[in-house]
Amino acid sequence: PETKPNDWHDLAARLLRHLDEGTTDSADSTHTVAVDDYLDGDRWAVEMDPQCALCQGNLGEALRIDGHFEPAIAHLRRALELRPDLTVVRRGLGFALVQAGRASEAVPVLLQSVFDLPRDVDAWNFAGLALARAGRHEEAIGHFEGAIRRAPRRADLFVNLAAACASVGKIDDARRH
């Protein structure tokens, strides 16, 4: 049977809800749905309804996970133009900006994501990464510590914290982490 645009809107809403519920363990992990399985469907959904913010956001997130950062950024920005309230899309935009090497642009986006999603470990972690890459190491330390408070068993958070501590000369703190 042929899929109707509303079916894609429903799928987009379900996937975004899935992301918003924090089903990923880290920003680089894949979601329980295979990204490749959704790229074609997400592209089709955007072609069918370019005004669908959820469709734009899902395509942007799938492209980001697949390593296509610049097109991901364009789709995530478009989704936020259409629906500024999509906080999980804002977080994805921040992730994509960091991954594209645009840390200075990512900082305000991710700081807003931390504010909007205060329990989201990855928002805290990526805000820390963006701050560190933008040369704001002391602030990065605070964000890595915030991420660790939310997920004290994640080794990558301790590695990021130790690197930030070392970058500001806090060698004893870096060794401890």
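Residues numbered from 1 in each chain as written. Predicted model: local features only at pLDDT ≥ 70, side-chain atom pairs only at ≥ 80, totals over all residues. Heavy atoms only, no water.

Caption draft 1: Region of the structure containing the overall build of the protein chain. When helices and strands are counted, the protein chain shows ten helices and zero strands. Reading the helices (α) and strands (β) of the protein chain from amino to carboxyl end gives α-α-α-α-α-α-α-α-α-α. Looking at the protein chain as a whole, 48% of its 177 residues qualify as buried. (Helix = DSSP H or I, 4+ residues; strand = E, 2+ residues; numbered from the N terminus. Buried < 20%, exposed > 50% of the residue type's maximum accessible area, 1.4 Å probe, protein only.)

Caption draft 2: Spotlight on the pattern of salt bridges. Using the criterion set out here, one finds twelve salt bridges in the structure. Of the charged contacts in the structure, one is a salt bridge between arginine 91 and aspartate 120, with a shortest N-O distance of 2.3 Å. One end of the pair, arginine 91, is in helix α5 (residues 87-99); the other, aspartate 120, is in the loop between α6 (103-116) and α7 (121-133), with 29 residues separating them in the sequence. As far as the burial class goes, arginine 91 and aspartate 120 line up, both buried. Residues aspartate 122 and arginine 154 are paired through a salt bridge, measuring 3.1 Å at the closest nitrogen-oxygen approach. (Salt bridge = Lys/Arg side-chain N within 4 Å of Asp/Glu carboxyl O.)

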